[in-house]
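Report on the structure
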Amino acid sequence: MLKGSSKFAIIVRGMAGHSKWQNIRHIKAAKDGEKARIATKVTTRIRSAIKVGGNSDPKYNSLLARAVTVAKQNDVPNTTIQAAIKQAAASAENSTEQTYEIKGPGGTFFVIRALTDKLTLTKNNIQSAIKKGGSTRNCQTCF
């Protein structure tokens, strides 16, 4: 979660092999995983802000300015923020918008609009989410 909504979880392990380093390693792995998850969420937010706002300068793109502010509040390194901005600006030309109509569980219908530069990956992720949600339909026919 982003800072403010939850704290880092510190996992206290028992005598994991009676080695102090092993105990530190488990705690560090949990903290590093949480930091990486936050950085990924913020990077995704920055990329979508550039795609929607159309500009890679925070002065002219309020969505990007807000995303950068959230990133700094969550202690994301400036190099990570700048790399995300640079990468999103480069891939903005390659992005396409796709609309998927899916029949889900219980006869429900979903219309999903996705802005992506990797069509196959996006399609597979949507299919996976629908299957995990309990759809008994074959999603191959829905696309």
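Anyway, here's the lowdown on the structure attached to this text. Nothing here was measured: the structure is a model prediction, and the numbers come from that model. (Residues numbered from 1 in each chain as written. Predicted model: local features only at pLDDT ≥ 70, side-chain atom pairs only at ≥ 80, totals over all residues. Heavy atoms only, no water.)

Two strands pair when backbone bridges link them, and strand 1 (residues 96–103) and strand 2 (residues 109–116) are joined in this way by eight bridges, in the antiparallel orientation. Among the inter-strand pairings, I102 is bridged to a residue of strand 2, identified as F110. Two successive antiparallel strands, strand 1 and strand 2, enclose a turn made up of five residues, where G106 displays a positive phi of approximately 70°. (Pairing = 2+ DSSP bridges. Helix = DSSP H or I, 4+ residues; strand = E, 2+ residues; numbered from the N terminus.)

Turning next to the pattern of salt bridges. Tallied over the entire structure, the rule returns three salt bridges. Taking the shortest distance from any N to any O, the salt bridge between E34 and R37 comes out at 2.8 Å. With E34 and R37 both in helix 1 (residues 20–53) and three residues apart, this pair spans about one turn of that helix. Judged by its relative accessible area of 18%, E34 is buried. Looking at R37, the relative accessible area reads 34%, which means it is partly exposed. With its nearest N and O atoms 2.4 Å apart, the salt bridge here joins E97 to R113. One end of the pair, E97, is in strand 1; the other, R113, is in strand 2, and 16 residues separate them in sequence. For E97, a relative accessible area of 45% translates into the label partly exposed. Look at R113 and you get exposed, because its relative accessible area is 61%. (Salt bridge = Lys/Arg side-chain N within 4 Å of Asp/Glu carboxyl O. Buried < 20%, exposed > 50% of the residue type's maximum accessible area, 1.4 Å probe, protein only.)

Before going further, it helps to examine the packing of helix 1 against helix 3 (residues 78–91). Axes are the key here: two packed helices are described by the angle between their axes and the distance separating the axes. For the pair helix 1 and helix 3, interaxial distance at closest approach is 9 Å and the crossing angle is 40°. Here helix 1 is positioned oblique relative to helix 3, judged by the angle of their axes. In terms of crossing hand, the pair formed by helix 1 and helix 3 is right-handed. Taking contact as the criterion, the partners of T43, I46, R47, I50 and K51 in helix 1 are, on helix 3, T80, I81, A84, I85, Q87, A88, A89 and S91. For the contact of helix 1 with helix 3, the class distribution of residues is seven nonpolar, four polar and two charged. (Axes fitted to C-alpha atoms, helices over the stretch in contact; angles between N-to-C directions. Parallel < 35°, antiparallel > 145°, perpendicular 65-115°, else oblique. Left-handed = near helix turned anticlockwise from the far one by under 90°. Contact = heavy atoms within 4.5 Å. Nonpolar A, V, L, I, M, F, W, Y, C, P; charged D, E, K, R; others polar.)

Now for the layout of surface pockets. In this structure, the largest pocket spans a volume of roughly 510 Å³. Along its surface, the largest pocket is lined by 16 residues, and R47, K51, L115, T116 and D117 are the ones closest to its centre. If you list the elements that add at least two residues to the lining of the largest pocket, you get helix 1, helix 3, strand 2 and helix 4 (119–132). It is helix 1 that provides the largest number of residues to the lining of the largest pocket, a total of five residues. Each residue belonging to the lining of the largest pocket can be placed in one class, and the counts come to five nonpolar, seven polar and four charged. (1 Å grid on protein atoms, 1.4 Å probe; cavity = no way out; pocket = protein on both sides within 12 Å on 5 of 7 lines; lining within 4 Å. Points joined across faces, edges and corners; volume = space filled by probe spheres on them.)

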